Amino acid sequence: MKTALKILRIVMCAIVSVYTVYLCINVGRTAYLKGQVMQMNPDGAFELVWSGINQEVVLYIAVGLFILLLGVASAFLMFKNGRIFTAVASVCVIVCALLGTFLNTELSEYMFMKYQLGMSRIPVEAALSVKPLLARLCIYTAVLYVVLYLILYYRQRKEET
């Protein structure tokens, strides 16, 4: 049981780290896109130009920093022993996953897959299914981690008495 819990901690840390980095990249790119406006250049063509920091940019930056903080906190708290640390780490993971799910970063997700990763022929549905899949994996591993930890804790407590 201890080995399964240790393996689950490592898997959960890896999944949460990948999800946090992926989400922070997309939130940052979305914040950058929210600060741009369409403008006509002298040739008559339209181009995106940075217009400055507005309320949406500040909101996305604040949420991105909060997601980063939750991801880092959960990664550190996962490897501490104690029911409180286990519960707080799992709550951090679940809040991070749910918060990321409700953010609209679809344009930057598609652009990241298509241009940064070089998957030019990837369908839109496949590009947009990565974030919900990682969020579900984060939630499932957090719940499984709490359940396994509590089972191990109560077994050890029962053996002591």
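As a reminder, the structure under discussion sits directly above these lines.
Residues numbered from 1 in each chain as written. Predicted model: local features only at pLDDT ≥ 70, side-chain atom pairs only at ≥ 80, totals over all residues. Heavy atoms only, no water.

Chemist: I would appreciate a short explanation of the nonpolar core in the present structure.
Modeler: Ranked by internal contacts, the top residues of the largest apolar core, which has 35 residues, are Met 12, Tyr 19 and Cys 138. Mapped by element, the contributors of at least two residues to this core are helix H1 (2-34), helix H2 (55-77), helix H3 (83-102), helix H4 (106-116) and helix H6 (130-160). Top contributing element to this core by residue count: H1, with 11 residues. (Core = buried A, V, L, I, M, F, W, Y, C linked by side-chain atoms within 4.5 Å. Buried < 20%, exposed > 50% of the residue type's maximum accessible area, 1.4 Å probe, protein only. Helix = DSSP H or I, 4+ residues; strand = E, 2+ residues; numbered from the N terminus.)

Chemist: Would you mind going over the pattern of salt bridges with me for this structure?
Modeler: Should the charged atoms of two oppositely charged side chains come close, the side chains can pair. Summed over all chains, the structure comprises 2 salt bridges. A salt bridge links Glu 109 to Lys 131; the nearest nitrogen and oxygen atoms lie 3.4 Å apart. Here Glu 109 is found in helix H4, whereas its partner Lys 131 is found in helix H6, with 22 residues between them in sequence. Classification of Glu 109 by relative accessible area gives buried; the value is 1%. Note on Lys 131: relative accessible area 5%, which makes it buried. (Salt bridge = Lys/Arg side-chain N within 4 Å of Asp/Glu carboxyl O.)

Chemist: Sorry if this is basic, but what is going on with the side chain of Thr 30 here?
Modeler: By the secondary structure assignment, Thr 30 is in helix H1. What Thr 30 contacts, discounting residues up to four positions off in sequence, is Tyr 60, Asn 104, Thr 105 and Ser 108. (Contact = heavy atoms within 4.5 Å.)

Chemist: Looking at this structure, I do not really get the pairing of strand S2 (residues 46-50). What am I missing?
Modeler: Regular strands place their side chains on alternate faces of the sheet. Judged from the 5 bridges that link them, strand S1 (residues 36-40) and S2 form a sheet pairing that is antiparallel. Note on S2: the bridge partner recorded for Gln 39 is Glu 47. Two successive antiparallel strands, S1 and S2, enclose a turn made up of 5 residues, where Gly 44 displays a positive phi of approximately 95°. (Pairing = 2+ DSSP bridges.)

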